[in-house]
Structure formats: structure tokens, C-alpha cells
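So you can see what is in the structure, the chains are spelled out below.
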Amino acid sequence: MATQLKDAVRAVDATAAMDLLPGRPRLLALGEPTHGEDTLLDLRNELFRQLVEEEGYRTIAVESDCLMGLVVDDYVASGRGTLDEVMERGFSHGWGAFAGNRELVRWMREYNTGRPASERLRFAGVDGPLEITGAASPRQALTALHACLAAAVDTDLLPCTAETLDRLIGADGRWTEPAAMRDPSRSVGRSAEAGELRLLADDLVALLDARGPQLLGTASRDAWERARLYGRTATGLLRYHHAMADPSPVRMALLMGLRDLIMADNLLAVAERGPALVHAHNVHLQRNRSEMRVGGLPVEWWSAGALVDARLGAEYAFLATAIGTLRHRDVGTPPADTVEGLLYALPQDRCLAGGPRLAGLLGSGPPAPRVSPWFGYIPFDPAQVEKADGIVFVKDVPER
């Protein structure tokens, strides 16, 4: 099998990636098994650069706050702000500090300089305004949506005033209370005010949709898309806060599923623009149901990739990334009977294998699952080999 496996892999580049697919997908996703490693971000940057230049992709989306991502989009499109400011204010989860993300934004701005608007790259964050410790207040999304509508339609059509929204939202600290992530009783998500806000958010989004032609006649398509983003985010956040207040045993599964639903809705909106590239964790982009342990218990939910695949079909493609070693995180040489172990035995430092072909070589007995000694790295699930269009393998990920 070693010889067959060696013949089945190729170098990691745009040509090899596209050869695995029946055509150019509208949404091409590249996953990663861990966050923040510059080696993996450098690989993403080079592959995405080739796909932009050779295949005409025009949007690059990453797993970061969708509202903060507007800051990055403004910068790469028009040069508004400075690179330092953008990296500080345009990324969530502290990911603006990663050198690979900084280089991506710098290159996108350089690429756009001097190009007509139709040829410029766009940037998008596709995650909700969520952190591991909780979720943001709905203030930014709700008030921005209300302002967009107030500027375009008769006041009598609005379901409420801006002052009413402000009163119902109250202090932002009520929404961002870190203790609410583990204690449902500390969440404001099922208060009377939150319930009223959910109804108002739904009414505002309905008004936005009903008046779409009018808004498109008075504002740019970018402004219309931004208003829709505010609407998706407001309703998604309020739905998430409602689930945070759920005391039932399925609470964490609900939260994980709702987060990926937000991501899926944002990915579908990005795909409406035209061919787009997305980079996020494997568990968010894979076509299968995702699973991870939270508080020692298994939690399952349908990933954003599965939700998008259900809508786009062949227009969605997924390349997973697997790694051999991450020694600075105590992740050593993978066992020989795992997917990572089989690929680690190959001479290449980096390679790309087609998922279905690799599954065929593995036969009826799938490899053993790899177990990670570090919680921040999730090994590739061998049961999902066939569902990935391709697997990018990086033998060693050094600390930098």
C-alpha cells in the first residue's frame, strides 16, 4: 500500500487542488486541525494566492467575527485605516496577532491597489460575534440594522424606535456576562426584554427583505449586503443568547449547532458574491456531523460545512488539513496505523491526497483514530476521509 499511497499524493498547489474537483466550486474551503500555527497559515496564504491569481477567486473568508471583519474588508478594498489598526480591530479571538493573518491582509491590500472595483479582493469574517467565554451584546447589529432602514423607509414602517432598542438592550454587560457560558441562570437570553428584542429583530429583517428593491435603488449593493449581515447577526445572536439560558442537557449541543448555523448563513451570503475561499477549523467545514468533548462529555452538531453542502452540493468543496507533529504542544510522531501515520511515512514534507482515492486505498478497515495529548489540536477523523475532497498533509509544524 505504501507504493500506491506514494503515487496517490501530489504537491500542494492550486493546480493539484483543482484537479481533485469536477469544476471550480463557488465555495472552496480549507480546514485546519488547530489554530494559530504560522506554518499552516503560510500554507493557506500561498495556496489562496495561487487560487486567486489562477482560478479567479475574489473573496477570502476566515473564521473570525463577521462584524469585525468589515474593518478588514474596508482596508483591503480602499486602504481605509492602517494595517496595525486593522489587525487590532478587525479580528476576533486575538487572531490579529498572528503573523500569517497579518501577511494575508497586507497581500490582499497590495493586490487590490490600482485594480478596478470588479477585480478587487474582498474579505469576510464568517463567525458570529462569539467567544469561548460567551457572546456579544446584540447592540451593534441591531442598531446598525435599524439605522440602515431608518435612512431608507418611512418612519411609520419601522417596528420600533432606536430609543426602544436601546432601552430593551440595556447595559451591554448583561449580555457579555462570562459566567453565563456555564451557568444558564446568569444569561439574559430568556428575559422579557430579550424575547421582545427577538420579535423586533425578526420584524426588522422582514422589513429589510420586503423593501429590498427600494433599498437597492437608493443605496449600493455593498450597503444592501451589509444591512443583511447586520440582520443575520442580530437574529443569530439573540437566538444564541436564548440557548445560553437553556438549562437542559442539550444546551451545549444547541450552542455549537447555532454557532455553525451563523457561520453557514454567512458562508452562503459570501458565496452569493461569486467564487470564494474560506479558512476555518476542520470541524466547522467538514461535511459530516461534528463532535468534540465539552466538560468531559461528547457533544455533536451539524457543522457549517454540512449545512452549506446541503445547499450548494457540488458548488461546495472541502480540503481538510492533517498534520504529523506539533512537538511544541507535545504532539509527537503519529502512530503508524492512523491516517496521519500513513502519510507521515511518505518522503514529502507537504502533500495533497484526494479523499475518495485515499479512502479506496485504505480499504474496508479504516485506520485507527489518533488521540491528541493537547486539547487545542483535533486529529483527523479517519471515518471522514471519503467525505473530504482532499487532504492536505503537513509532516512537521515547528514552533516559530
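- Per an unreviewed UniProt entry, the recorded name for the chain is Erythromycin esterase family protein, and the organism is Streptomyces hirsutus.

**Points about the pattern of salt bridges**
Here comes step 1: Following the criterion strictly, the structure yields 23 salt bridges and no others.
Here comes step 2: Between Arg 49 and Glu 53 there is a salt bridge; the shortest N-O distance is 2.7 Å. Taken together, the residues span about one helical turn, with Arg 49 and Glu 53 both in helix 3 (residues 38–55) at a distance of four residues.
Here comes step 3: One salt bridge in this structure joins Glu 225 and Arg 273, with 3.6 Å as the shortest N-O distance. A residue pair is termed long-range when its members are at least 10 positions apart, and Glu 225 in helix 11 (residues 221–244) and Arg 273 in helix 12 (residues 251–273) qualify at 48 residues.
Here comes step 4: Here the salt bridges share partners, and the residues they tie into one network are Glu 46, Arg 49 and Glu 53.

**Section: the sheet that holds strand 10 (residues 316–325)**
Two orientations exist for strands paired in a sheet by backbone hydrogen bonds: parallel and antiparallel.
Here comes step 1: Spatial ordering of the open sheet is given by 1-11-12-10-2-7-3-4, a layout of eight strands whose pairing is mixed. Edge positions in the sheet fall to strand 1 (9–10) and strand 4 (122–127), since each of these pairs with one other strand and no more.
Here comes step 2: With five bridges joining them, strand 11 (residues 350–354) and strand 12 (residues 390–396) adopt antiparallel strand pairing. Looking at strand 12, one finds that Ala 353 is bridged to Ile 391.
Here comes step 3: Of the strands in this sheet, strand 11 and strand 12 touch helix 16 (residues 355–362), which is tilted by about 80 degrees from strand 11.

**Quick look at the pairing of strand 12**
Each regular strand displays side chains that alternate between the two surfaces of the sheet.
Here comes step 1: Within strand 12, six of the seven residues are buried, leaving the element largely enclosed by the surrounding structure.
Here comes step 2: In this structure, strand 10 lies alongside strand 12, joined through six bridges in parallel fashion. When the bridges of strand 12 are listed, Thr 321 appears paired with Val 392.

**Some thoughts on the nonpolar core**
Most often, soluble globular proteins keep nonpolar side chains buried together rather than apart.
Here comes step 1: Residues Leu 28, Leu 51, Ile 60, Val 105, Met 108 and Leu 277 are the most contacted members of the largest nonpolar core, which totals 43 residues.
Here comes step 2: Contact partners of Leu 51, with chain neighbours within four places excluded, come to Ala 14, Met 18, Leu 28, Gly 56, Tyr 57 and Leu 277.
Here comes step 3: One finds Ala 322, Tyr 344, Leu 358 and Ala 359 within the second-largest nonpolar core, a separate group that totals 36 residues.

**Brief notes about the environment of Ala 368**
Here comes step 1: Residue position: Ala 368 is located in the loop between helix 16 and strand 12.
Here comes step 2: Since its relative accessible area comes to 27%, Ala 368 is described here as partly exposed.
Here comes step 3: Put simply, Ala 368 and Glu 196 are 172 residues apart on the chain and 50 Å apart in space, counted from C-alpha to C-alpha.
Here comes step 4: Setting aside its immediate chain neighbours within four residues, Ala 368 contacts Asp 337, Thr 338, Val 339 and Pro 382.

**Remarks on the side chain of Gln 384**
Here comes step 1: Mapping Gln 384 onto the fold places it in the loop between helix 16 and strand 12.
Here comes step 2: If we ignore the near neighbours within four places in the chain, the residues touching Gln 384 are Gln 286, Asn 288 and Arg 289.

**Quick look at the state of the cysteines**
Here comes step 1: The final tally for this structure, using the stated rule, is zero disulfides.
Here comes step 2: Cys 66 forms no disulfide, and the closest cysteine sulfur to it belongs to Cys 148, at a distance of 14 Å.
Here comes step 3: Under the relative-accessibility criterion, Cys 148 is labelled partly exposed at 28%.

**Considerations on the packing of helix 4 (residues 69–78) against helix 6 (residues 99–112)**
Here comes step 1: Where helix 4 meets helix 6, the axes come as close as 7 Å, and the angle between the chain directions of the two elements is 35 degrees. Listed contacts from helix 6 to Val 72, Tyr 75, Val 76, Ala 77 and Ser 78 of helix 4 are Val 105, Met 108, Arg 109 and Asn 112.
Here comes step 2: Residue composition of the contact of helix 4 with helix 6, by class: six nonpolar, two polar and one charged.

**Concerning helix 8 (residues 162–169)**
Within an α-helix, residues lying three or four positions from one another point in the same direction, as the helix has 3.6 residues per turn.
Here comes step 1: Residues Leu 165, Leu 168 and Ile 169 constitute the buried set of helix 8. Along the long axis of helix 8, the arc covered by the buried residues comes to 95 degrees, so they all point the same way. Of the exposed residues in helix 8, those oriented more than 90 degrees away from the buried face are Glu 163 and Arg 167.

**Regarding the environment of Ser 303**
Here comes step 1: Its place among the elements puts Ser 303 in the loop between strand 9 (297–302) and helix 14 (304–312).
Here comes step 2: In contact with Ser 303, not counting residues within four places along its chain, are Asp 260, Val 283, His 284, Gln 286, Asn 288 and Ser 290.
Here comes step 3: One polar contact links the side chain of Ser 303 to the main-chain carbonyl oxygen of Asn 288, over a distance of 3.3 Å.
Here comes step 4: A distance of 3.1 Å separates a polar side-chain atom of Ser 303 from the backbone nitrogen of Ala 306.

**Examining helix 12**
Here comes step 1: For helix 12, built from 23 residues, the straight-helix expectation of 33 Å at 1.5 Å per residue is met to within 8% by its first-to-last C-alpha distance of 34 Å.
Here comes step 2: Within two residues after helix 12, Gly 274 carries a phi angle of roughly 140 degrees, on the positive side.

**Focus on unusual backbone geometry**
The bulk of non-glycine residues show a negative phi, and the bulk of peptide bonds are trans.
Here comes step 1: Even without being glycine, His 93 reaches a positive phi, approximately 60 degrees.
Here comes step 2: Among the structural elements, His 93 can be located in the loop between helix 5 (83–89) and helix 6.
Here comes step 3: A relative accessible area of 25% places His 93 in the partly exposed class.
Here comes step 4: Of note in this structure, Asp 330 is not a glycine but carries a positive phi near 65 degrees.
Here comes step 5: Note that Asp 330 resides in the loop between strand 10 and helix 15 (339–344).

What counts and what doesn't
Residues numbered from 1 in each chain as written. Predicted model: local features only at pLDDT ≥ 70, side-chain atom pairs only at ≥ 80, totals over all residues. Heavy atoms only, no water. Salt bridge = Lys/Arg side-chain N within 4 Å of Asp/Glu carboxyl O. Helix = DSSP H or I, 4+ residues; strand = E, 2+ residues; numbered from the N terminus. Pairing = 2+ DSSP bridges. Contact = heavy atoms within 4.5 Å. Axes fitted to C-alpha atoms, helices over the stretch in contact; angles between N-to-C directions. Buried < 20%, exposed > 50% of the residue type's maximum accessible area, 1.4 Å probe, protein only. Core = buried A, V, L, I, M, F, W, Y, C linked by side-chain atoms within 4.5 Å. Disulfide = S-S within 2.5 Å. Nonpolar A, V, L, I, M, F, W, Y, C, P; charged D, E, K, R; others polar. Arc of directions from axis to C-beta. Polar contact = N/O pair within 3.5 Å; in protein donor to acceptor, adjacent residues only side chain to side chain. Expected span 1.5 Å × (residues − 1).

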